[in-house]
Structure formats: C-alpha cells, structure tokens
Amino acid sequence: MPMFHFIKKIKSQSGFSLIQAMVIAGILGTMAVVNLTVMNQQNRANKKNDDLAKAEGVTSQIRQLLRDPNRCRHFLGDLGDPATFGTPPGHPIDPNGDGSVDDGEQTVLQNTRAITSLSPSAQTAINPNLILFKVFGTYNANSEDVYNGLKIINFQTGPAPPGMAAPGVASLMVYYFPERSSSYLQGDMNVSGEIVIDYSHTGGVVTTCAAR
C-alpha cells in the first residue's frame with residue numbers, strides 16, 4: 001500500500017493514536033536512514049569516479065613525459081634522490097633477465113625518483129616538468145607532492161597488459177591516493193593508472209626505455 005494512502009487511511013479514522021503515530025514516525029525514520037545511506041554511497045561513488053578521472057589525467061601527463069627516452073632512462077635507470085640522483089645499476093625491470101617481465105616479477109621503484117628532462121648530473125633545481133615520487137620512510141608524513149588533487153603512493157613495473165605481452169614490453173603502474181585522504185593506508189580510496197613502456201636491459205636492469 002503506498003505510504004500516502006496508508007497515512008490517509010489512519011488519519012481518516014478517529015485521529016491518530018499514540019501507537020499509530022509511533023508507527024508512522026518509525027517508518028519515516030527508516031526511510032530517512034535508507035535515503036541517507038543511498039546518498040552517502042552515491043557521494044562516495046561520485047568521488048571515486050572523480051578520482052579515477054584525475055588519475056587518468058595525471059597518468060597521461062606522466063606518460064607524455066616518459067615518451068622522452070632520456071626522461072624514461074633517468075627515471076627507471078638511475079637511482080638516488082632528486083638532488084644527486086645517485087648512480088646505476090638502476091631499476092630491476094626484469095629480475096631474472098630473460099627478456100620478458102613475467103607475472104610475479106612486479107617490482108616497486110625504490111628510493112626517491114624524479115621524472116625530468118635533465119641528466120642526473122645536471123639535476124640541481126626544480127624543473128617545470130618534474131614529478132617526484134617519495135618512498136615511505138624517507139620523508140615526513142603527508143609531505144607527498146600533490147598532482148591534480150592526488151598524491152603518488154608509488155610506481156611499480158610488471159608484465160605488459162594482456163594482448164601486449166612481448167619481449168621488451170612492460171607496464172608501469174602508478175598508484176595514487178586523494179589529497180583529502182589522511183593516508184594511502186585507506187586502501188578503498190586508492191586509484192591507479194597504467195603506462196605501457198618499451199625497454200631494453202642489461203642483466204635484468206633497465207638501460208633504455210620509452211613510454212608508448
């Protein structure tokens with residue numbers, strides 16, 4: 001029976017009794033809770049979709065930067081912080097050195113990283129195209145750089161997407177969490193983006209690469 005007719009039927013009788021009023025209040029209260037729950041779920045879904053769109057935008061910017069072989073090589077092939085950049089051997093993109101990144105060979109980039117057009121020895125100042133990645137434990141809490149409302153958790157190399165697997169092809173996953181979140185440990189708020197890269201290696205360590 002529709003709610004309006006139910007209430008009208010009760011009201012048409014000799015007024016509202018206390019019990020009838022309590023029943024109506026309970027029904028209305030339940031409806032309010034259900035509506036609030038649905039609204040909260042919808043808001044979370046909208047924020048998630050917004051974060052996914054932001055992640056695609058930032059990932060696209062990173063992909064464009066890494067299409068420059070020099071940027072890609074400095075990012076994956078050189079270890080160290082953005083001030084000194086350290087020295088090779090670089091990132092173990094293919095740990096067993098067989099020429100293909102296989103399932104189970106996913107590796108997170110270690111140490112502080114930067115995507116920049118400058119060579120390691122010349123990297124002494126912030127470049128307009130610089131994107132930093134900071135590893136947990138090497139910086140103060142909540143000091144990650146913000147890109148379009150997102151913070152980068154880490155970068156991870158792994159097998160190429162299905163249908164694209166081939167020697168010298170891998171994926172670079174970028175994991176983010178929204179700026180509004182207090183920590184990346186709130187995993188249900190994290191989002192990611194994927195970049196396909198072509199690479200060459202020596203002994204399983206990347207030596208040259210470029211994003212597609």
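Residues numbered from 1 in each chain as written. Predicted model: local features only at pLDDT ≥ 70, side-chain atom pairs only at ≥ 80, totals over all residues. Heavy atoms only, no water.

**Let's talk about the state of the cysteines**
(1) Moving on: Scanning all chains against the criterion turns up one disulfide.
(2) Moving on: A sulfur-sulfur separation of 1.9 Å characterises the disulfide bridge that pairs C72 with C209. Sign of the S-S torsion, about -120° for the bond between C72 and C209, identifies this disulfide as left-handed. Of the two residues, C72 sits in helix α3 (residues 69-77) while C209 sits in strand β8 (residues 205-211), which places them 137 residues apart along the sequence. Like C72, the residue C209 is buried in the burial classification. (Disulfide = S-S within 2.5 Å. Helix = DSSP H or I, 4+ residues; strand = E, 2+ residues; numbered from the N terminus. Buried < 20%, exposed > 50% of the residue type's maximum accessible area, 1.4 Å probe, protein only.)

**Observations concerning the nonpolar core**
(1) Moving on: Core analysis: the largest hydrophobic core is formed by 28 residues, its most contacted members being I62, F155 and Y176.
(2) Moving on: Of all the secondary-structure elements, those providing two or more residues to this core are α2 (18-66), α3, β5 (150-159), β6 (169-178), β7 (191-202) and β8.
(3) Moving on: The element best represented in this core is α2, accounting for five residues. (Core = buried A, V, L, I, M, F, W, Y, C linked by side-chain atoms within 4.5 Å.)

**Here we look at the packing of aromatic side chains**
(1) Moving on: For the structure on display, the rule yields one aromatic pair.
(2) Moving on: Measuring from centroid to centroid gives 4.9 Å for F75 and F155, while their planes differ by 75°, and the two rings are edge-to-face. Taken together, the residues F75 in helix α3 and F155 in strand β5 connect sequence positions 80 residues apart.
(3) Moving on: Looking at F75, the relative accessible area reads 0%, which means it is buried. (Phe/Tyr/Trp six-rings, centres within 6.5 Å; stacked < 30°, edge-to-face > 60°.)

**Here's the deal with the pattern of salt bridges**
(1) Moving on: Tallied over the entire structure, the rule returns five salt bridges.
(2) Moving on: The salt bridge partner of D50 is K54, with a shortest N-O separation of 3.5 Å. Highlighted residues: D50 and K54, both in helix α2, separated by four residues, approximately one helical turn.
(3) Moving on: Look at D50 and you get partly exposed, because its relative accessible area is 38%.
(4) Moving on: Residue R212 pairs with D198 through a salt bridge whose shortest N-O separation is 3.0 Å. Separated by 14 residues along the polypeptide, R212 in the segment after β8 and D198 in strand β7 bring together distant segments of the chain.
(5) Moving on: The class of R212 is partly exposed, set by a relative accessible area of 40%.
(6) Moving on: When its relative accessible area of 31% is taken as the criterion, D198 is described as partly exposed. (Salt bridge = Lys/Arg side-chain N within 4 Å of Asp/Glu carboxyl O.)

**Side note on α3**
(1) Moving on: Along α3, the residues that are buried comprise R71, C72, H74, F75, L76 and G77.
(2) Moving on: Capping the start of α3 is the job of one residue whose side-chain oxygen sits 2.9 Å from the backbone nitrogen of N70: D68. (Polar contact = N/O pair within 3.5 Å; in protein donor to acceptor, adjacent residues only side chain to side chain.)

**Re the confidence of the model for the protein chain**
(1) Moving on: Chain-level statistics for the protein chain give a pLDDT mean of 75 and a share of 71% at 70 or above.
(2) Moving on: Scored below 50 in pLDDT, residues 119-128 makes 14 contacts in the model with residues more than four places away or belonging to other chains.
(3) Moving on: In the predicted structure, residues 136-142 sits below a pLDDT of 50 and forms six contacts with residues beyond four places in sequence or in another chain. (pLDDT = per-residue confidence, 0-100. Contact = heavy atoms within 4.5 Å.)

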